[in-house]
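Geometric and topological summary
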Amino acid sequence: MIEYRHEGGRKMKIRLADFDDLEKLVLMYGMAAEKLRSEGIYMWDESYPDKTSLGEDIRKEELFVVDDKSAPGGIAASFVLTQDILPEYANGDWKYPDAPYTVLHRLCVNVDCQHRGIGKAIVDYVEARAAADGKSVIKLDAHEKNLPSVNLYLRKNYNVVGEAVWRGEDYFLMEKKL
């Protein structure tokens with residue numbers, strides 16, 4: 001468990017997810033998917049992210065959770081850090097293709113914990129962790145209609161380097177040099 005205090009002063013407890021978290025994570029992502037669909041954003045649904053994909057992330061030790069006893073299920077947010085590049089990332093005009101990188105995937109803030117700066121704090125943490133691990137670039141994708149996420153990344157100086165399509169939905173490919 002890592003205690004991380006971001007620039008705004010909020011302290012977060014970040015740790016690797018374990019299989020005891022799996023049902024709570026499935027529920028949290030499901031609630032987020034439902035909220036997104038109600039806003040016309042069809043990036044997640046009942047089949048993705050699912051128990052299998054989240055379980056695989058746990059097995060590979062790439063899924064992190066932000067503990068918060070006041071959040072439903074005790075999890076305020078979750079995200080994946082990986083070195084795996086999806087085939088669709090070939091669509092990107094990556095500015096730093098040979099630089100050591102980290103990929104941020106599936107950042108999800110519990111619907112009951114949104115608008116508290118948790119997403120920004122996670123991005124700050126990911127950048128600090130990547131730099132400490134010798135990575136100089138963060139790569140990610142963001143659904144084009146998910147404006148809160150897209151705007152967060154743009155405010156944090158991520159650049160759009162291309163587009164990709166997953167499951168019939170359009171995404172921006174983004175990167176940032178640390």
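A quick note: this is a predicted structure, and the numbers were derived from the prediction, not measured. (Residues numbered from 1 in each chain as written. Predicted model: local features only at pLDDT ≥ 70, side-chain atom pairs only at ≥ 80, totals over all residues. Heavy atoms only, no water.)

1. Re the overall build of the protein
For the protein, the count of helices and strands is 4 helices and 8 strands. In sequence order, the secondary structure elements of the protein are arranged as β-β-α-α-β-β-β-α-β-α-β-β. The C-alpha atoms of the protein give 15 Å as radius of gyration, which agrees with the globular expectation for 178 residues (16 Å, within 12%). Among the 178 residues that make up the protein, the fraction classed as buried is 49%. Contacts in the protein between residues far apart in sequence, at least 24 positions, make up 67% of those at least 6 positions apart. Per element, the accessible surface of the protein, about 8,900 Å² overall, is 50% carbon and sulfur. (Helix = DSSP H or I, 4+ residues; strand = E, 2+ residues; numbered from the N terminus. Rg over C-alpha atoms; globule rule 2.2 N^0.38 Å. Buried < 20%, exposed > 50% of the residue type's maximum accessible area, 1.4 Å probe, protein only. Contact = heavy atoms within 4.5 Å. Areas by Shrake-Rupley, 256 points an atom, 1.4 Å probe, with all protein chains shown as cover.)

2. Notes on the packing of aromatic side chains
Counting across every chain of the model gives 7 aromatic pairs. Considering the side-chain rings of Y89 and W94, the 5.4 Å spacing of their centres and the 20 degrees angle between planes classify their relative orientation as stacked. Note on accessibility: Y89 and W94 belong to one class, buried. Geometrically, the ring pair formed by Y89 and W166 is tilted, given 6.2 Å between the ring centres and 55 degrees between the ring planes. (Phe/Tyr/Trp six-rings, centres within 6.5 Å; stacked < 30°, edge-to-face > 60°.)

3. Notes on the environment of L22
Locating L22 in the fold gives a position in helix α1 (residues 22-38). On a C-alpha basis, the gap between L22 and T52 in space is 9.6 Å, while along the polypeptide they are 30 residues apart. Filtering out sequence-adjacent residues up to four positions away, L22 remains in contact with K51, L54, G55 and I58.

4. A word on the nonpolar core
As a rule of thumb, soluble globular proteins bury nonpolar side chains together. Counting residues in each nonpolar core, the largest one holds 29 residues, and the members touching the most others are V66, F79, L104, I118, I122, V126 and Y153. Those elements giving two or more residues to this core turn out to be β2 (11-16), β3 (63-67), β4 (75-82), β5 (101-109), α3 (118-132), β6 (137-143), α4 (147-155) and β8 (169-177). With 7 residues, α3 is the largest single contributor of residues to this core. Apart from residues lying up to four places away in sequence, Y153 is in contact with L104, L107, V123, L140, A142, Y158 and M174. Y29, V65, Y89 and L173 belong to the second largest nonpolar core, which has 26 residues in total. (Core = buried A, V, L, I, M, F, W, Y, C linked by side-chain atoms within 4.5 Å.)

Just geometry here; none of it tells us what the structure is for.
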